[in-house]
Amino acid sequence: MAEVLDLTVLAPQEEVLIAETTSPDIVARIHALKEELRDRVVILGHHYQRDDIVQFADRTGDSFELARYAANLKDREFIIFCGVHFMAETADIVSGPDQKVILPDLKAGCSMSDMARLDQVLDAWDYLDNVIDTTKVCPITYMNSSAAIKAFCGEHGGAVSTSSNNKAIFEWAFNNGFEKIFFFPDQHLGRNTAHFQLGIPLHDISLFDQTQPGGGLHDEELTSARVLLWRGHCSVHQHFQASHPNIMRALYPGIQIMVHPECNFEVVKNSDKVGSTAFIMKTVEEAPAGSLWAIGTEHHLVNRLKHDHPDQFVTTLAPYACECATMYRISPEALLDILEHLKQGEIKNQISVPAETAKWANVALQRMLDITKRAS
Ligand code: SF4
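In this convention, every chain numbers its residues from 1, walking through the sequence in written order. Only residues with pLDDT of at least 70 are given local features in this predicted model, and only at 80 or more are side-chain atom pairs given and counted; all residues enter the totals for whole chains, interfaces and linings. Here the side-chain values reflect all heavy atoms present in the structure, with hydrogen atoms and water set aside.

## Quick look at the pairing of strand S13 (residues 313–316)
Piece 1. With 4 bridges connecting them, strand S12 (residues 292–296) and S13 associate as parallel partners. Bridge pairing in S13 links tryptophan 293 to valine 314.
Piece 2. Whether a crossover is right-handed depends on one test, that the path from the first strand over the helix to the second runs clockwise when the strands point away from the viewer. Helix and strand definitions here come from DSSP, where helices need a minimum of 4 consecutive H or I residues and strands a minimum of 2 consecutive E residues; each element is numbered from the N-terminal end. Read as a crossover between parallel neighbours, the route from S12 over helix H14 (residues 299–308) to S13 is right-handed. DSSP calls a pair of strands paired once it identifies at least 2 bridges connecting them.

## Section: the environment of alanine 148
Piece 1. Mapped onto the fold, alanine 148 is located in helix H7 (residues 147–155).
Piece 2. Each residue is assigned to one of three classes by its accessible area relative to the maximum for its type, calculated with a 1.4 Å probe on protein chains only: buried under 20%, partly exposed between the two thresholds, exposed over 50%. Here alanine 148 falls in the partly exposed class, since its relative accessible area comes to 25%.
Piece 3. Through-space distance from the C-alpha of alanine 148 to that of leucine 118 is 6.2 Å; in sequence the pair is 30 residues apart.
Piece 4. The residues touching alanine 148, leaving out its near neighbours within four places in the chain, are Leu118 and Thr357. Any pair of residues with heavy atoms lying within 4.5 Å of one another is described as a contacting pair.

## So, the pairing of strand S3 (residues 78–82)
Piece 1. Burial of S3 is extensive: 5 of the 5 residues sit out of reach of the surface.
Piece 2. Burial along S3 is two-sided: the residues Phe78, Ile80 and Cys82 and Ile79 and Phe81 are all buried.
Piece 3. Judged from the 5 bridges that link them, strand S1 (residues 41–46) and S3 form a sheet pairing that is parallel. Paired with valine 42 across the two strands is isoleucine 79, which belongs to S3.

## Some points on the layout of surface pockets
A water-sized probe, rolled over the atoms, reveals where empty space remains.
Piece 1. A 1.4 Å probe that fits into a set of points on a 1 Å grid over the protein atoms alone but cannot get out defines a cavity; an open set with protein on both sides within 12 Å along at least five of seven lines defines a pocket, and lining residues are those with an atom within 4 Å of a point. Grid points are joined across faces, edges and corners, and a volume is the space filled by probe spheres set on the points. Roughly 720 Å³ of internal volume is contained in the largest pocket.
Piece 2. Taken together, 39 residues form the lining of the largest pocket, with Asp62, Ser63, Phe64, Thr162 and Ser163 sitting closest to its centre.
Piece 3. Residue assignment for the lining of the largest pocket shows that the elements contributing at least two residues are helix H3 (63–72), helix H4 (85–94), helix H5 (111–114), helix H13 (277–286) and helix H16 (355–375).
Piece 4. Following the grouping adopted for this structure description, the nonpolar residues are Ala, Val, Leu, Ile, Met, Phe, Trp, Tyr, Cys and Pro, the charged ones are Asp, Glu, Lys and Arg, and the polar ones are all others, Gly among them. Its residues assigned to classes, the lining of the largest pocket shows 18 nonpolar, 15 polar and 6 charged.

Below is the structure:
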């Protein structure tokens, strides 16, 4: 039976845009403190940050791009990372020993990153070790994971990956003697990469449910799978549903559907383009006037693309605003508070990764950089 599209669930795009305003007094105080501390402080803003934070950022970008940028600013003593916890950890790992990384709100975590705790991963690895030869298993973790998980991967011969280079990292693993990949924490990025980019059949990809004994898998499944996926997901991208592309196509003939690979398998399958944040931004930037886009990624980024490209039609793929609630915790008030403390000589909310963890996490990060460089 043909799918019935419920077009009434889709509000006009203007209705899903959220107005954000900050009092002129706070804006003026942040600018004044920024100016006062300009030789010591750099403010970074992730692409998913709200506009009333982005306005103060010295640089915007994705998490790793920002961390590397900050690390090159050796003269800046303080890196204020307007993003989430794992991003600030990465910045601390790659920055110099005299640089201090600050997260304006310590509650700004990432639900996906929190879905893979080190104790769970160690338990899973121990279990696997009783069933298969784990020296043939390559642990790979998405950038969106804690420093502890990155360190685990570094120490066990694996690497970090991003949504832009996940395919290259998977290929490196299979070309370097590993028979199996254990991918943390985003099952969707792992499945989409393995199946759509590497052509691995779905029956060779198994979901390891960390809440179940043995991952909820039979030993034969653990043995035969080429890719094991940790049961994690992004709570923002999971809102996009396979029916959304069809609704958009019915509403706006000629529209192109472009989604982030953190979206689930069915959404990706039903889309015209899939790629990282950088890919999505570049695609819209290079598209001709009159192009129509329904984009499946975080709402603030979509909103910014819509604003920056008025000659195109840009809207969110979902009928409601899919925004990252934890990113949203970084408020102008929190940023002001950090700057006021720095002015008084107090460092508030510093993120500091223990040395041993940083050492191994850096191994995994460096491996990723080397692989990506060789692959490009
Ligand atoms: S958008 Fe998803 S993956 Fe990114 S920080 Fe938010 S919860 Fe984590």
